[in-house]
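The primary structure of each chain is shown beneath.
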Amino acid sequence: QVQLVESGGGLVQAGGSLTLSCAASGSTRNIDINTMGWYRQAPGKQRELVADIVSGTRTNYADSVKGRFTISRDNAKNTVYLQMSSLRPEDTAVYYCHANIKRRGVLRWDDYWGQGTQVIVSS
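Just so we're clear, the structure is a prediction, and the values are computed from it rather than from any experiment.

**Here's the deal with the sheet that holds strand β3 (residues 18–26)**
Here's step 1: Ordered in space as β1-β3-β8-β7, the 4 strands form an open sheet in which the pairing is antiparallel. Single-partner strands in this sheet number two, and they are β1 (2–7) and β7 (69–74). Neighbour to neighbour, the strand axes of the sheet diverge by 15° on average, direction disregarded.
Here's step 2: With 6 bridges connecting them, β3 and strand β8 (residues 79–84) associate as antiparallel partners. By the bridge assignment, A23 is partnered in β8 with T79.

So, in structure tokens, the structure goes:
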């Protein structure tokens, strides 16, 4: 009954900025969340990792977005953010939120995916 809900996508001009957010909702009172992250898929391309962040402060970024994107999270709100700056037309894609989640008291971690939010960068 846990689901990931993204928001913040839209149309932006090249060089502009946009911030995406993703919150775990539903039955979240007895869950642990490890890594949260963002993936994207452009038309005709495979899905790729954009950035992720573990429970804490450790982050990973794709080379193509280093220095332009910043990932952060608010653990109290079960929410992850992606701040995007200096956007380029090649950043145009559907962006998907991902999280590793388990129930407290069990050992298995499951993968959860959001429905995706469209980002279009115009030249």
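Picking up where we left off.
**Description of the pattern of salt bridges**
Here's step 1: In this structure the tally under the stated criterion is 7 salt bridges.
Here's step 2: For K102, the salt bridge goes to D32, with nearest N and O atoms at 3.3 Å. Of this pair, K102 sits in strand β9 (residues 93–103) while D32 is found in strand β4 (residues 31–41), placing the two residues 70 residues apart along the sequence.
Here's step 3: Judged by relative accessible area, which is 14%, K102 ranks as buried.

**Comments concerning the pairing of β1**
Here's step 1: Burial along β1 is one-sided: the face carrying V2, L4 and E6 is buried and the face carrying Q3, V5 and S7 is not.
Here's step 2: Of the strand pairs in this sheet, β1 and β3 are connected by 6 bridges, and their pairing is antiparallel. What sits directly across from S7, in β3, is S21.

**A few points about the state of the cysteines**
Here's step 1: On inspection of all chains with the given rule, the structure shows 1 disulfide.
Here's step 2: Here C22 engages in a disulfide with C97; their sulfurs sit 2.0 Å apart. Negative torsions about the S-S bond denote left-handed disulfides, and the value of about -85° found for C22 with C97 makes this one left-handed. Highlighted residues: C22 in strand β3 and C97 in strand β9, separated in sequence by 75 residues.
Here's step 3: A residue is classified by how much of its surface remains accessible, and C22, at 0% relative accessible area, is buried.
Here's step 4: Judged by its relative accessible area of 0%, C97 falls in the buried class.

**Quick word on the side chain of T35**
Here's step 1: By secondary structure assignment, the location of T35 is in strand β4.
Here's step 2: Looking at T35, the relative accessible area reads 14%, which means it is buried.
Here's step 3: Beyond its immediate sequence surroundings of up to four residues, T35 is in contact with D52, I53, V54, R73, H98, A99 and N100.

**Some points on the packing of aromatic side chains**
Here's step 1: Scanning all chains against the criterion turns up 1 aromatic pair.
Here's step 2: The cationic tip of R47 hangs over the ring face of Y96; the distance from NZ or CZ to the ring centre is 3.9 Å.

The rules behind the values
Residues numbered from 1 in each chain as written. Predicted model: local features only at pLDDT ≥ 70, side-chain atom pairs only at ≥ 80, totals over all residues. Heavy atoms only, no water. Pairing = 2+ DSSP bridges. Helix = DSSP H or I, 4+ residues; strand = E, 2+ residues; numbered from the N terminus. Axes fitted to C-alpha atoms, helices over the stretch in contact; angles between N-to-C directions. Salt bridge = Lys/Arg side-chain N within 4 Å of Asp/Glu carboxyl O. Buried < 20%, exposed > 50% of the residue type's maximum accessible area, 1.4 Å probe, protein only. Disulfide = S-S within 2.5 Å. Contact = heavy atoms within 4.5 Å. Phe/Tyr/Trp six-rings, centres within 6.5 Å; stacked < 30°, edge-to-face > 60°. Lys NZ or Arg CZ within 6 Å of the ring centre and 35° of its normal.

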